[in-house]
Structures are given as structure tokens and as C-alpha cells.
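Residues per chain, in single letters:
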Amino acid sequence: MRMPSSLVCGAVVLAGAGIAAQTAGVDPEQLLSTRLAFTAAEVGQVRQGQPVVRVKLDADELSAVGAIRLPGRKERLADWVKNIDHFRRSAEIGMAQPIPTPPSAASLAGVTLDAADRQALQACTAEKCAMRVSADLLARIQHEPSRADEVFRGMLLAELTGYIAHGNAAAVAPLVQKATTLTALSPELARFLERYPSATLPSADQMFYWGWTPAGSVAILTLHHLILYKPRPGEIWIADKNLYASRYFDTGVLVIGLYDAADGNGFYAVAGSRATSGYLSGTAASLLRRRIQRSASDTVKVYLEWLRDSLSAG
């Protein structure tokens, strides 16, 4: 099943701050109805294995929450996500390449700008550019277009090295602080997402990766911090922080909570995402907001359906 290509494809599915979590003893259906305000009909739809998704646009922020009941064991999905390249290729949402730590230029050797990126960069000015690059980086690429890939990789390496050393609290803190359900159910995960690297998260597996995601006629190059958190038996969280995106979105976080079904048959996945983008505000963007919101909803629905169908087939 092919994921829809759209302005929001990469950001909602793999780059957007989560508002869902898993804690031992939490009834997932009660969580949906009380904390996330799903109606009884919507909870019933989720129980039957059909996705329910809500998307909201507020100024320069896009938030989404979706839920579905899935077959099998939740540990299988968690292990699948850890193999991020296979997972993204299987879902047809692009590709990914893990980055060892400490990162090096060699670990980003596969990053290349496509023809659309190169054309956009040559047409850019410091005041207006379809690509998210600094004025200094833009000047270097335009001065030496033959070294565009090398210069761009250097920027990604600097972004990731800076994040590992200092984090990105200024950008992500406003998103996490609005994720009140996540903060209430797992304050330690919320604190880690907001305060990394000064905050630690015992029992968590972490990795960094770069990704390539199709979005209509162009593609988005991204940097990510993926966290798989199992603090106690039966409790699983998956979080993906988007550290950089070459187009459209500034920053974002996705959190997925996995909950065993009360009858022991399958589990619930509740996914929340929040992303910021300067493209969502202003007069021009207001003309596109309804279409963006509808596209985001469709994207998350197809993603959850793909998870259901893939786990059922396996």
C-alpha cells in the first residue's frame, strides 16, 4: 500500500510532539475516551481495527492524534521499528540510514541532493527559499554548486553533532509542554524529549538516522533521534524527534504508545504528533490550511491501516 505523497507526509508520520503513552494498568479505551475525548462510536471503531484520526492546525503548528487496534504482540512492532530502514521502505514512506555515534562525515555519505533540490537552491535568495538552509550555507552552495552535496552533508553533520552536545530544548520544549497527556503519564519521557542531553532515560534504546521522504514532486531530507523506551514489563513507548527537515517543517516529535488489549487479543497503538512550520502561518497559508488538514488526516489513517494489514499478514 503506497502512502500518499503530500506536504505533510513526512512530518506527520515520522516527524511530528506526541500526546499518547503506555503505562502498566492503563485501560487504552478509557485513555481514548477520557483524555483524548474520543466518542463512544470512535472508540468502537478503534476496537474493531479501524483507524480514527484527528488533526488540528493552530497558527504555525500541526498536531495529530490517531489510534487503532492491531493484531499480534506489541513487541513485534517495537522490534520492527528499530530496524528503521526496513520499516520505512516497507511502509513506502521513503528510506532511512542509521548514523553511528559519534557521527562522522562517512555516516552521511549516502545523502545526495536531487535535481529539484539543486534547482531550488540555485533559485533561492537569503530572504526566500524553498529549502531550509542558512544564508551562509546557501551562499557556499551557489558559489560552488559542484560541492553542493558535500556542503549539505557538512551542515547535517554539524546539526547532529550540535544536538548530541547541546540538545534542542528551545525548539522542542514548547511542543512537549503542550503534550499534557504524555507529561501526565510519563513525565520521565517528556523530560527526556525536552531536555536531552542533560536528562537521561534508563532502559531506553536510542539511535540517530537520516531519512528521505517523498512529498509530492519533491523529497524531504531529515535527521532523527529515535527512542524505544521499555521502563517496565508490558510498557512500551516509541518516540521519534525530527531534528532537521530540508523542506516545510521546522521541528517535531512523534510518540506512539502500545497498549495490550484487555481481552489479550492484540494491542492498541495510540500515536500523537506535533510539528511546527512557518509554511502554516500567514495569508497565503490560510488558503491551504483546510487541504493540509485533510491531507494530514488521510496520511495518518493510511499509515495505521498499513500497520494493521502488515501485522495481520505476518
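Refer to the structure above for everything that follows.
No experiment lies behind these values; they were computed from the predicted model shown.

1. Looking at the sheet that holds strand E2 (residues 61-70)
Strand order in the open sheet formed by 8 strands is E1-E2-E8-E7-E6-E5-E4-E3, and the pairing between neighbours is antiparallel. The sheet terminates laterally at strand E1 (52-58) and strand E3 (95-99), the two strands that pair on one side only. Across the sheet, the mean angle from the axis of one strand to that of its neighbour is 20°, orientation sign disregarded. Relative to strand E6 (residues 236-245), strand E5 (residues 218-229) runs antiparallel, the two being bridged by 8 bridges. Bridging across to E6, Tyr 229 finds its partner in Trp 237.

2. Considering the nonpolar core
Counting residues in each nonpolar core, the largest one holds 44 residues, and the members touching the most others are Leu 70, Leu 77, Phe 87, Ile 256, Leu 258 and Leu 307. With 8 residues, the top contributor of residues to this core is helix H13 (residues 289-313). The contact partners of Leu 307, leaving out residues within four places of it in the chain, are Leu 70, Leu 77 and Phe 87. Leu 113, Val 133, Ala 179 and Leu 189 belong to the second largest nonpolar core, which has 42 residues in total.

3. Comments concerning the state of the cysteines
Throughout the structure, instances matching the rule amount to 1 disulfide. There is a disulfide in this structure between Cys 124 and Cys 129, and the S-S distance comes to 1.8 Å. Because the torsion about its S-S bond is 70°, the bridge between Cys 124 and Cys 129 counts as right-handed. Here Cys 124 falls in the buried class, since its relative accessible area comes to 7%.

4. Considerations on the pattern of salt bridges
Under the definition given, this model contains 17 salt bridges. Among the ionic pairs, Lys 82 bridges to Asp 205, the shortest N-O distance being 3.6 Å. Of this pair, Lys 82 sits in helix H4 (residues 74-82) while Asp 205 is found in strand E4 (residues 204-215), placing the two residues 123 residues apart along the sequence. Here Arg 232 makes a salt bridge to Glu 235, at a shortest N to O gap of 2.8 Å. One network of salt bridges, in which partners are shared, links Arg 73, Lys 74, Glu 75 and Asp 260.

5. Thoughts on the side chain of Asp 117
Tracing the chain through its elements places Asp 117 in helix H6 (residues 115-123). Discounting chain neighbours no more than four positions away, the residues touching Asp 117 are Met 131, Ala 219, Leu 221 and Arg 247.

6. Considerations on unusual backbone geometry
Here the residue pair Thr 101 and Pro 102 is connected by a cis peptide bond, since its omega of 0° sits within 30 degrees of zero. Relative to the helices and strands, Pro 102 resides in the loop between E3 and H6. The omega torsion of the bond from Tyr 196 to Pro 197 falls at 5°, within 30 degrees of zero and hence cis. Along the chain, the position of Pro 197 falls in the loop between helix H11 (187-195) and E4. Not every positive phi belongs to a glycine, and Ala 37 is a case in point at roughly 60°.

7. Let's talk about helix H3 (residues 40-47)
Looking at H3, one finds that the buried residues are Glu 42, Val 43, Gly 44 and Val 46. Where H3 is buried, its residues meet helix H2 (28-35), E1, E2 and strand E8 (267-276). Directly beyond the C-terminal end of H3, a positive phi value near 85° is found at Gly 49.

Rules of the game
- Here, residues in each chain are numbered from 1, in the same order as that chain's written sequence.
- This being a predicted model, a pLDDT of at least 70 is required before a residue's local features are given, and a value of 80 or more before pairs of side-chain atoms are given or counted; all residues contribute to the totals for chains, interfaces and linings.
- No hydrogens and no water enter the side-chain calculation; it runs on all heavy atoms of the structure.
- For two strands to be treated as a pair, DSSP must find no fewer than two bridges joining them.
- Every helix listed is a DSSP run of H or I at least four residues long, and every strand listed is a run of E at least two residues long, numbered separately from the N terminus.
- Here an angle of 0 to 180 degrees is reported between the N-to-C directions of two axes, which are lines fitted to C-alpha atoms, with helices fitted over the stretch in contact.
- Each nonpolar core is a collection of buried residues, namely Ala, Val, Leu, Ile, Met, Phe, Trp, Tyr and Cys, held together in the definition by side-chain atoms within 4.5 Å.
- Between buried and exposed lies partly exposed: a residue is buried under 20% and exposed over 50% of the maximum accessible area for its type, with that area taken using a 1.4 Å probe on protein chains only.
- The contact definition used throughout considers only heavy atoms, calling two residues in contact when any of these lie within 4.5 Å.
- Here, a disulfide means two cysteine sulfur atoms that sit within 2.5 Å of each other.
- Salt bridges, as used here, are contacts in which a Lys or Arg side-chain nitrogen is within 4 Å of a carboxyl oxygen on Asp or Glu.

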